[in-house]
Amino acid sequence: MDIVNLAKALVLGVVEGATEFIPVSSTGHLILIGHFLGFQSTGKTFEVLIQLGAILAILLVYFTRLLGVVLCLPTDAWARRFVASVLIAFLPAALLGAVLHSRIKAVFERPDLVCVALILGGIVLLVVDRLKLEAREDNAFRFSPMLALKIGLCQCAALFPGVSRSGATIVGALLMGTTKRAAAEFSFFLAMPTMAGAFAYDLYKNYKVLDFADVSTIAVGFVAAFISGLFVVRFLLDYVSRHGFGLFAVWRIVVGAAGLAGLYFIG
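Just so it is clear, the structure is predicted and the values come from calculations on it, not from any experiment.

By convention here, two paired aromatic rings are described through the distance between centres and the angle between planes. According to the stated counting rule, one finds 13 aromatic pairs in the structure shown. When the centroid spacing of 4.9 Å and the interplanar angle of 35 degrees are considered together, the rings of Phe 143 and Phe 186 count as tilted. One end of the pair, Phe 143, is in the loop between helix H6 (111-130) and helix H7 (145-155); the other, Phe 186, is in helix H9 (residues 180-206), and 43 residues separate them in sequence. Both residues of the pair, Phe 143 and Phe 186, count as buried. Look at Tyr 239 and Phe 248: their rings are 5.8 Å apart centre to centre, the planes differ by 65 degrees, and that puts the pair in the edge-to-face class.

What follows is the structure, given as structure tokens:
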């Protein structure tokens, strides 16, 4: 058992779960940290499979509420509208991603470009967080299908590594008149089909070269992603309700700048 690889897997798993649901780009962080740690997996097996840990974390937190929605579907128009809104928001990025996924990864999945995206995204998030916007929508369960579609179109920007899926959806939601809490919570709901779809697509594209030889490394990353994701989902909504997204914006800028410095001096 390679202790060094297990330690790297633990770090990357914690980072995946901790950053997946906040607007800082989990993909960007994994690319940068993986680069500096010298961590690689055949066919990106590790990166693909630890996503399941983060997916399970958010499903566990919202299991009771989501089960209630499912049970109400046959009789409640509100439940059907909620499901429809999430699926409508999911479709733009899913369709565009299926067409451009490989090209975007080949061209833009570079540490230097990720750093630039982190910095620019941080500036945008910081500006939007400080705007005095009129908040008309405060319940993520009751977003209209049209509002959901607009948020889903914003999510397409996250196809570029470093932009952040949650960051794109949260900024879009805030600009369209939602409260910060509702924006973050709808981003959670949208993460479920989006992450599950991305996982399934990555698995389909890479299944022929998946290497399960180091099961222990994958297991450590999976559990770490689940635990850290669970912690973030449980506490994020209360935090952003009180403090907004400024901290995450500054974090993006600092990480992006530190990444560029590291690439320049270390390579």
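Back to the write-up after that little detour.
Our next topic: the side chain of Lys 8. Here Lys 8 shows up in helix H1 (residues 3-19). An unpaired buried charge is present at Lys 8: no salt bridge exists, and Asp 2, the closest side chain of opposite charge, is 7.3 Å distant. Here Leu 37 takes part through its backbone oxygen, which lies 2.9 Å from a polar atom of the side chain of Lys 8. Here Lys 8 is in contact with Leu 37, Gly 38 and Phe 39, once residues within four sequence places are set aside.

With respect to the helices and strands, the residue Glu 16 is situated in helix H1. With no salt bridge to any partner, buried Glu 16 finds its closest opposite charge in Arg 165, at an N-O distance of 8.9 Å. Glu 16 has contacts with Ser 26, Leu 30, Ile 50, Gln 51, Ala 54, Met 195 and Ala 225, leaving out every residue within four places of it along the chain.

To continue, consider H1. Along its 17 residues, H1 runs 24 Å from first to last C-alpha, staying within 8% of the 24 Å computed at 1.5 Å per residue. Within the span of H1, buried status applies to Leu 6, Lys 8, Ala 9, Leu 12, Gly 13, Val 15, Glu 16, Gly 17 and Thr 19. Its side-chain oxygen at 3.0 Å from the backbone nitrogen of Val 4, Asp 2 defines the N-terminal cap of H1.

Under the UniProt annotation, "transmembrane region" (unreviewed entry) lies at residues 48-70, 82-101, 113-131, 183-204, 216-237 and 244-266. For residues 48-70, helix accounts for 96% and strand for 0%, while the C-alpha atoms at its two ends are 28 Å apart. Secondary structure over residues 244-266 splits into 87% helix and 0% strand, and the C-alpha atoms at its two ends are 34 Å apart.

Along the polypeptide, Ser 25 turns up in the loop between H1 and helix H2 (26-37). C-alpha separation for the pair Ser 25 and Pro 161, spaced 136 residues apart in sequence, amounts to 7.5 Å.

Okay, unusual backbone geometry next. With phi around 75 degrees, Ser 25 is a residue other than glycine that occupies positive phi space. One non-glycine residue, Ser 164, lies in positive phi territory at about 95 degrees. A relative accessible area of 4% means that Ser 164 is categorised as buried.

This brings us to the nonpolar core. Judged by nonpolar contacts, the single largest core of 55 residues is most densely connected at Phe 21, Tyr 62, Phe 186, Phe 188, Phe 189, Phe 245 and Phe 248. With 11 residues, H9 is the largest single contributor of residues to this core. Discounting residues that sit within four places of it in the chain, Phe 189 has contacts with Tyr 62, Phe 82, Val 86, Ala 140 and Phe 141. Grouped together as the second largest cluster of nonpolar side chains are 7 residues, Ile 31, Leu 118, Val 255 and Leu 263 included.

Per-residue pLDDT for the chain averages 90, and the proportion of residues at 70 or more is 96%. Looking over the chain, one finds the lowest element-wise mean pLDDT in helix H3 (residues 45-61), namely 86, and the highest in H7, namely 97.

A full pass over the atoms with the stated rule returns 4 salt bridges. Its salt-bridge partner being Arg 65, residue Glu 185 comes within 3.1 Å of it at the nearest N-O pair. Here Arg 65 lies in helix H4 (residues 63-72) and Glu 185 lies in helix H9, a separation of 120 residues in the sequence. The class of Glu 185 is buried, set by a relative accessible area of 8%. Of the charged contacts, one joins Lys 180 and Asp 129 as a salt bridge, the two residues approaching to 3.0 Å between their closest N and O atoms. Placement of the pair is Lys 180 in helix H9 and Asp 129 in helix H6, with a sequence separation of 51 residues. Assessed through its relative accessible area of 29%, Lys 180 is described here as partly exposed.

The rules behind the values
- As a convention, each chain's residues are numbered from 1 in the sequence order in which they are written.
- Since the coordinates come from a predicted model, pLDDT governs what is reported: local features require at least 70, and pairs of side-chain atoms require 80 or more to be given and counted, while whole-chain, interface and lining totals use all residues.
- By convention in this description, side-chain values take in all heavy atoms of the structure and omit both hydrogens and water.
- Only rings of Phe, Tyr and Trp enter the pairing, Trp through its six-membered ring, and a pair is recorded when the two centres are within 6.5 Å. The plane angle decides the type: under 30 degrees is stacked, over 60 is edge-to-face, the rest tilted.
- Helix and strand labels come from DSSP, where a helix needs a run of H or I of at least four residues and a strand needs a run of E of at least two; each type is numbered from the N terminus.
- In this scheme, a residue with accessible area under 20% of its type's maximum is buried, one over 50% is exposed, and one in between is partly exposed, where area comes from a 1.4 Å probe on protein chains only.
- Counted as positive: Lys and Arg. Counted as negative: Asp and Glu. His and the chain ends are not counted at all.
- Think of a salt bridge as a Lys or Arg side-chain nitrogen and an Asp or Glu carboxyl oxygen that are within 4 Å of each other.
- Polar contacts, as used here, are pairs of N or O atoms within 3.5 Å; protein pairs need one atom able to donate a hydrogen and one able to accept it. Residues neighboring in sequence count only if both atoms are side-chain atoms.
- Only heavy atoms enter the contact rule, under which two residues are in contact if any of them lie within 4.5 Å.
- To estimate how far a helix should reach, multiply one less than its number of residues by 1.5 Å.
- UniProt positions are given in the numbering used here, feature names are shortened, and annotations may be inferred rather than shown by experiment.
- What makes a nonpolar core is a set of buried Ala, Val, Leu, Ile, Met, Phe, Trp, Tyr and Cys residues whose side-chain atoms join them at distances within 4.5 Å.
- pLDDT expresses, on a scale from 0 to 100, how confident the predictor is about each individual residue.

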